[in-house]
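The chain contents come next:
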Amino acid sequence: QVQLEESGGGLVQPGGSLRLSCATSGFTLDYAGVGWFRQAPGKEREGISCITGSYGATVYADSVKGRFTISKDNAKNTISLHMDSLRPEDTAVYYCAADPTEILFRECVPHEYGYWGQGTQVTVSS
């Protein structure tokens, strides 16, 4: 059975850092596309960062570029997101996602990913 489980969310002050982790099981992570997405209340779910494609290309949304870092550990079946210089507008529910289909490129948008975690709340506030 496929399972993705996020952890590491919580309350952090502006300018602070947070590390999110996603434990996966039930599928092979090695060549799967993976990504982190977030959704604020009343807003659409948006792609934050993805590792996708046959060559492991990494992409970031403009809003987080230079502040967030995505990584994948195939041996531990985990996906991580390191967040630095957090801002109040980063407040959202953060989701990890994956899709095992091997393709050359995968757009970092929600409909391209079939497996999803339940989400973890990140609140940036003083």
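Preceding this paragraph is the structure being described.
Presented here is a report on the structure given in the accompanying data block. Everything numeric in this text was worked out from a predicted model, so none of it was measured.

### Quick look at the pattern of salt bridges
For the structure on display, the rule yields 5 salt bridges. Of the charged contacts in the structure, one is a salt bridge between R67 and D90, with a shortest N-O distance of 2.8 Å. Of this pair, R67 sits in the loop between β6 (57–60) and β7 (68–73) while D90 sits in the loop between β8 (78–83) and β9 (92–99), placing them 23 residues apart in sequence. In this structure, D99 and R106 form a salt bridge, with 3.5 Å as the shortest nitrogen-oxygen distance. Accessibility assignment for this pair places D99 and R106 in one class, buried. Salt bridges linked by common partners bring R38, E46, R67 and D90 together as one network.

### Section: a nonpolar patch on the surface
Judged by side-chain polarity, Y55, L104 and F105 come together as a nonpolar surface patch covering roughly 440 Å² of accessible area. Take L104: it is sitting in the loop between β9 and β10 (115–116). Overall, L104 belongs to the partly exposed group, its relative accessible area being 47%.

The rules behind these values
- Residues numbered from 1 in each chain as written.
- Predicted model: local features only at pLDDT ≥ 70, side-chain atom pairs only at ≥ 80, totals over all residues.
- Heavy atoms only, no water.
- Salt bridge = Lys/Arg side-chain N within 4 Å of Asp/Glu carboxyl O.
- Helix = DSSP H or I, 4+ residues; strand = E, 2+ residues; numbered from the N terminus.
- Buried < 20%, exposed > 50% of the residue type's maximum accessible area, 1.4 Å probe, protein only.
- Patch = residues over 30% accessible without salt bridge, like charges linked within 9 Å, V, L, I, M, F, W, Y side chains within 5 Å.
- Areas by Shrake-Rupley, 256 points an atom, 1.4 Å probe, with all protein chains shown as cover.

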